[in-house]
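Coordinates in review
The residues making up each chain are set out below.
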There are 2 protein chains.
Amino acid sequence: MAKIPYKINLSEEETPRYWINIRAFMKNPVPPMLNPANGEPVPGEALNAFFCEELAKQEMNETDRFIEIPEEVRNFYMMYRPSPLVRAYNLEKVLNTPAEIYYKFEGTNTSGSHKLNSAIAQVYYAKQQGLKRLTTETGAGQWGTALAMACGFFGVELAVYMVKVSAEQKPYRKTVMETYGAKVVPSPSDTTEAGRRILAENPDTGGSLGCAISEALEAAGKAEDCRYVLGSVMNHVLLHQSIIGQETKAALDKYGIVPDIIIGCAGGGSNFGGLIAPFMADRIEGKNNIEFLAAEPASCPSLTRGRYAYDFGDTGKMTPLIKMYTLGSGFMPSPNHAGGLRYHGMSPIVSKLSDDGYIKAAAFEQLRVFEAATVFCKCEGTLPAPESSHAILATMEEAEKCRKTGEKKKILMGLTGTGYFDLGAYRDFNEKKMTDFIPTDDDLEKGFKTLPII
Amino acid sequence: MAKIPYKINLSEEETPRYWINIRAFMKNPVPPMLNPANGEPVPGEALNAFFCEELAKQEMNETDRFIEIPEEVRNFYMMYRPSPLVRAYNLEKVLNTPAEIYYKFEGTNTSGSHKLNSAIAQVYYAKQQGLKRLTTETGAGQWGTALAMACGFFGVELAVYMVKVSAEQKPYRKTVMETYGAKVVPSPSDTTEAGRRILAENPDTGGSLGCAISEALEAAGKAEDCRYVLGSVMNHVLLHQSIIGQETKAALDKYGIVPDIIIGCAGGGSNFGGLIAPFMADRIEGKNNIEFLAAEPASCPSLTRGRYAYDFGDTGKMTPLIKMYTLGSGFMPSPNHAGGLRYHGMSPIVSKLSDDGYIKAAAFEQLRVFEAATVFCKCEGTLPAPESSHAILATMEEAEKCRKTGEKKKILMGLTGTGYFDLGAYRDFNEKKMTDFIPTDDDLEKGFKTLPII
């Protein structure tokens, strides 16, 4: 076989024309969303008040295996995709491993992560529906930036409710979004009832993601030409993110490579679910025997220490109930946890596949995660996002096992993004000011007590 | 002919194995560097005290047309190269122009710019020579970051003298370099005689590039296993940057595309010289009739308003004399000028080609540059560096001319990097706090008075 190059290219003709809908391959259905008021399944139409119609349809779709990527979305993808699929020859050398390591790198666009893949699709459908405005929330800012880029492209107005303390700590994230034309509102704000209520109770609060969601939802509900969009967890977001896996599989197929294990970081699960999608479809149908490993932070361990239960998607308990691995909507990771992957729950699709035994999970402490990031950046060039670095550490451990056993495993890893806007965390790590935090069983019990009783 | 894709790929076999040495094609030689003490040409060996031997050889080489890229350097290139060559279909649509616009995007690596192309080569040769340590200076931080990445990869120690005010304004740039293992010294420092002298005279100074160069040179001169490296202006840097043009030409050749005009921003000239190299070689030999346009800031207009004269390369007048377009080594651009492109001189190669009539130049005011950047980022996705945005504005003007004349010109533009670390400037622009500054003739006269008399 020909030597595998550092990067496997795809021509424009070879790039995927379809997202893959993993739900349509699953033997056991993903349990439906429930109305917390009566415990009944939520009908698709009920989502239309807050979500775009096409996205609500995709959210409920469990039959169509492939969904065509609209031409305008595909044209946008073409500007920054296919994302690089890199053979990590230099990391292999440093680890002295017989394993082959491949990584799919989603950070070569201005949002710095995979989030743009869904943002551009969501804004496209919103525009098709004739909507003029969108609202969303953002914490660290990757999703807000991605959505601002997509709205700037399609000429749709956007209001981003950004957790106030984050807006203050990362003023440049705000600047990027504003440059693309978005309005950034530090949350809580006095522009919504929810915000005013919270400010009245606690004028000095730095805000929270739960509060920003409440404000974005309220603002979207006020106008007929406005809807709310979000960047992870939901089924339609995983659908769009399947472009990651589709491209990866098309590239690997050119060299006849089938991974032995696929490793991704998992917070809300959209990157992980997108990366594994076509491989998991084959796995379910018995066409391969790939292992799937979700790498999560030890400080927010929903898959490894959470419960598979119905829970609210937000801290404010405004959403329908979702069956997922969860730490309880009241769970908050320790403030010393850097970067994203701080969501209390997990994508219902990833959760169900985990419960069915297709996906394994492992949790990693952040000091070791940053050590792995430092090794990676020196030999592979790219400074990785803290989130992605969980997958790097898991990959390095797998490769080191291979060094001991002599196995020539093929490892595929998702490198979701860059750490260019997370340098405060790197500085803390370099200056040895970073610490680990692993919640005790008692800490977790407090979170579980916030689970609804149904 | 087949439709031209959004991005033209090169396979690993198609990527260049040779840098192209533009000097070996020039009909009129680049005037030699002169010793300021006696006005005599500087012999190549004299450079060895401060530069790596191989780099000094490349600096003087005017005969070899092609120089093989060492395998280890090429392997590193393979991790982040070929850089994307994008057909700007979306920008064309926004401008409603019949012109075809292509851009070569050098920002998809952690240094955020093309600087890495030369950094990795320079550190490779340093290691080959058995050197253990390097020193350099950095202002905005792109070069320092690129060199830190290269030194991290090859395991060579690095001390970066970073202009103190810049280190304070951009603490995260410092963090990136430190993460790759570099030592960052805010300059002026008390670690060198030059630094101590300046601090004694002016304890509160924020430093300058001239001072940082002096410190880096002094530190390099102290030890046998240490040398000084730099990231623009010099002939060997343009040689390494020719990878940009070599890749671009290989990609365009696949579709039989010959640009009518090539546009790049020009500060020290390394990106511009690298982008145009193979096209200029053909131009000199009468094989094409391409126009070459260097876009520079109106606030630091070396090509459009400078003199073609012998001058010092640094403010401290420590270097040999270089024949180049210059505003005088004492010229300082106004502090309200954002981003790079603030060097008083210009690459001797680019200068000679300009003097010979092969290169035209135009100067642009920064408010219009940032307006162009804002248009570009919305339709093409990427948030461009302020430096690159000079080329964007020049390209947009050219495309708008085509709209009026109906010409279907093929425009090739160099997009040197991203603006992710320049968001303070974007914020000022968004908040209408940015101003233009065009030096008066009197301002320029003051700079010219610092030219040496030889």
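Residues numbered from 1 in each chain as written. Chains lettered and ligands numbered in written order. Predicted model: local features only at pLDDT ≥ 70, side-chain atom pairs only at ≥ 80, totals over all residues. Heavy atoms only, no water.

For chain A, the helix and strand inventory stands at 17 helices and 14 strands. For 454 residues, the compact-globule estimate of 2.2 N^0.38 gives 22 Å, and the C-alpha radius of gyration of chain A, at 21 Å, lies within 12% of that figure. Counting only C-alpha atoms and orienting by the principal axes, one finds that chain A spans roughly 65 × 50 × 45 Å. In chain A, which comprises 454 residues, the proportion classed as buried is 65%. The long-range fraction of contacts in chain A, counting pairs at least 24 apart against all pairs at least 6 apart in sequence, stands at 76%. For chain A, the exposed surface amounts to about 16300 Å²; the carbon and sulfur share of it is 50%. Here chain A contributes 49 positively and 55 negatively charged side chains, and the mean placements of these two sets differ by 4 Å. (Helix = DSSP H or I, 4+ residues; strand = E, 2+ residues; numbered from the N terminus. Rg over C-alpha atoms; globule rule 2.2 N^0.38 Å. Buried < 20%, exposed > 50% of the residue type's maximum accessible area, 1.4 Å probe, protein only. Contact = heavy atoms within 4.5 Å. Areas by Shrake-Rupley, 256 points an atom, 1.4 Å probe, with all protein chains shown as cover. Lys, Arg positive; Asp, Glu negative; His and termini not counted. Charge placed at Lys NZ, Arg CZ, Asp CG, Glu CD.)

As a further point, take the packing of helix α2 (residues 71–80) of chain A against helix α4 (residues 116–128) of chain A. Residue and element names in this part refer to chain A. Across the interface, α2 lies against α4 with an axial gap of 10 Å and an inter-helix angle of 150 degrees. As judged from the angle between their axes, α2 and α4 are roughly antiparallel. Two packed elements cross with a definite hand, and for α2 against α4 that hand is right-handed. Mapping the contact onto sequence places Glu72, Val73, Phe76, Tyr77 and Tyr80 in α2 and Leu116, Asn117, Ile120, Ala121, Tyr124 and Gln128 in α4. In terms of residue class, the contact of α2 with α4 is built from 8 nonpolar, 2 polar and 1 charged. (Axes fitted to C-alpha atoms, helices over the stretch in contact; angles between N-to-C directions. Parallel < 35°, antiparallel > 145°, perpendicular 65-115°, else oblique. Left-handed = near helix turned anticlockwise from the far one by under 90°. Nonpolar A, V, L, I, M, F, W, Y, C, P; charged D, E, K, R; others polar.)

As a further point, take the relation of the copies chain A and chain B. Superposition of chain A onto chain B requires a rotation of 180 degrees combined with a translation of 0.0 Å along the rotation axis, giving an RMSD of 0.0 Å. What we have between these two chains is a two-fold relation. In terms of C-alpha distance to the rotation axis, chain A has Thr108(A) as its closest residue, with the C-alpha 2.7 Å off the axis. Here 98% of the contact residues of chain A are again contact residues in chain B; the copies associate through an equivalent surface. (Least-squares fit on C-alpha atoms with pLDDT ≥ 70 in both.)

Attention now goes to the sheet that holds strand β14 (residues 410–415) of chain A. All names here are of chain A. Strand order in the open sheet formed by 6 strands is β3-β4-β14-β9-β10-β13, with mixed pairing between adjacent strands. A single partner strand is all that each edge strand has here, and the edge strands are β3 (85–87) and β13 (359–364). Averaged over all pairs of adjacent strands, the angle between strand axes in this sheet comes to 25 degrees, irrespective of strand direction. Of the strand pairs in this sheet, β3 and strand β4 (residues 100–105) are connected by 3 bridges, and their pairing is antiparallel. Residue Arg87 lies in a different strand from β4, and its bridge partner there is Tyr102. Against the sheet, helix α11 (residues 270–284) engages β9 (261–265), β10 (291–297), β13 and β14, with an angle of about 160 degrees to β9. (Pairing = 2+ DSSP bridges.)

Residue and element names in this part refer to chain B. Within strand β10 (residues 291–297), 6 of the 7 residues are buried, which leaves it mostly tucked inside the rest of the structure. Where strand β9 (residues 261–265) and β10 come together, 5 bridges link them in parallel fashion. Counted as the bridge partner of Ile261 is Glu291 from β10. Tracing the backbone out of β9, into helix α11 (residues 270–284) and back to the parallel element β10 gives a crossover that is right-handed. One ladder, built from 6 bridges, connects β10 with strand β13 (residues 359–364); its direction is parallel. Pairing of Pro297 across the sheet is with Phe364, part of β13. (Right-handed = clockwise from strand over helix to strand, strands pointing away.)

Residue and element names in this part refer to chain B. Running from amino to carboxyl end, helix α4 (residues 116–128) crosses helix α5 (residues 142–154) at an angle of 40 degrees, the nearest separation of the two axes being 8 Å. Accordingly, the angle class assigned to the pair α4 and α5 is oblique. Crossing hand, α4 versus α5: right-handed. Where α4 abuts α5, its residues Leu116, Ala119, Ile120, Gln122, Val123, Tyr124 and Lys127 lie against Trp143, Ala146, Leu147, Met149, Ala150, Cys151, Phe153 and Phe154. Looking at the contact of α4 with α5, its residues break down into 13 nonpolar, 1 polar and 1 charged.

All right, on to the side chain of Ser299(A) then. All names here are of chain A. Mapping Ser299 onto the fold places it in the loop between β10 and α12 (302–305). Looking at Ser299, the relative accessible area reads 6%, which means it is buried. With residues near it in sequence (within four places) discarded, Ser299 still touches Phe331, Pro333, His337, Phe437 and Pro439.

Further remarks concern helix α8 (residues 193–201) of chain A. All names here are of chain A. Residues of α8 that are buried include every one of Ala194, Gly195 and Leu199, and no others. Looking down the long axis of α8, one finds its buried residues gathered within 130 degrees of arc, a one-sided arrangement. Away from its buried face, by an angle of more than 90 degrees, α8 presents the exposed residues Glu193, Arg197, Ala200 and Glu201. If you follow the buried residues of α8, they end up packed against α6 (164–169) and α9 (209–221). (Arc of directions from axis to C-beta.)

Per-residue confidence for chain A averages 94 on the pLDDT scale, and 100% of its residues sit at or above 70. In the predicted assembly, ipTM is 0.94 and pTM is 0.95. (pLDDT = per-residue confidence, 0-100.)

Residue and element names in this part refer to chain A. The strand order β7-β6-β5-β8 describes an open sheet built from 4 strands, whose pairing is parallel. Edge positions in the open sheet fall to β7 (183–187) and β8 (226–228), since each of these has one partner strand only. Across the sheet, the mean angle from the axis of one strand to that of its neighbour is 25 degrees, orientation sign disregarded. Bridge count between strand β6 (residues 157–163) and β7: 5 bridges; the pairing is parallel. Looking at the pairing, Val160 lines up with Val184 of β7.

This brings us to the interface of chain A and chain B. Of the residues lining the interface, 44 residues belong to chain A; the matching set on chain B comes to 43 residues. Taken together, both faces of the contact between chain A and chain B bury some 4000 Å²; the carbon and sulfur share is 58%. Sorting the residues of chain A by area buried against chain B places Met79(A), Thr179(A) and Tyr420(A) first, and these three jointly supply 17% of that buried surface. Counting every contact that joins chain A to chain B gives 0 salt bridges. Inspection of the chain A/chain B interface yields 16 residue pairs in polar contact (both at pLDDT 80 or more). Put simply, the parts of the chain that give the side of chain A that touches chain B at least two residues each are α2, α5 (142–154), α7 (171–179), α14 (366–380) and α16 (423–430) of chain A. Across the side of chain A that touches chain B, the residue classes tally to 20 nonpolar, 16 polar and 8 charged. (Buried area = accessible area lost by both parts, 1.4 Å probe. Salt bridge = Lys/Arg side-chain N within 4 Å of Asp/Glu carboxyl O. Polar contact = N/O pair within 3.5 Å; in protein donor to acceptor, adjacent residues only side chain to side chain.)

For the rest of this paragraph, the subject is the pairing of β9(B). Residues and elements named next belong to chain B. With 5 of 5 residues buried, β9 is to be regarded as a mostly interior element. With burial as the criterion, each face of β9 is covered, one bearing Ile261, Ile263 and Cys265 and the other bearing Ile262 and Gly264. Taken together, the 3 bridges between β9 and strand β14 (residues 410–415) define a ladder with parallel strand orientation. Note that in β14 the partner of Ile261 across the bridge is Ile411.

Evaluation of the coordinates by the stated rule reveals 29 aromatic pairs over all chains. Judged by centre distance (5.1 Å) and plane angle (25 degrees), the ring pair of Tyr308(A) and Tyr325(A) falls under stacked. On the criterion of sequence distance, the pair formed by Tyr308(A) in strand β11 (residues 307–312) and Tyr325(A) in strand β12 (residues 321–326) is long-range, its members being 17 residues apart. Tyr308(A) sits in the buried class, given a relative accessible area of 19%. A relative accessible area of 12% means that Tyr325(A) is categorised as buried. For the pair Tyr420(A) and Tyr420(B), a centre-to-centre distance of 6.3 Å together with 35 degrees between the ring planes defines the contact as tilted. Taken as a pair, Tyr420(A) in the loop between β14 and α16 and Tyr420(B) in the loop between β14 and α16 (423–430) lie in two separate chains rather than in one. (Phe/Tyr/Trp six-rings, centres within 6.5 Å; stacked < 30°, edge-to-face > 60°.)

This paragraph deals with the side chain of Asp422(A). Mapped onto the fold, Asp422(A) is located in the loop between β14 and α16. Beyond its immediate stretch of four places on either side in the chain, Asp422(A) contacts Lys170(A), Gly339(A) and Pro386(A).

Residues and elements named next belong to chain A. Its location among the elements puts Ser83 in the loop between α2 and β3. Sequence separation of Ser83 and Glu400 is 317 residues, and the distance between their C-alpha atoms is 27 Å. Not counting chain neighbours up to four residues away, the residues in contact with Ser83 comprise Lys104, Phe105, Glu106 and Glu247. Among the polar contacts made by the side chain of Ser83, one reaches the side chain of Glu106 at a distance of 2.8 Å.

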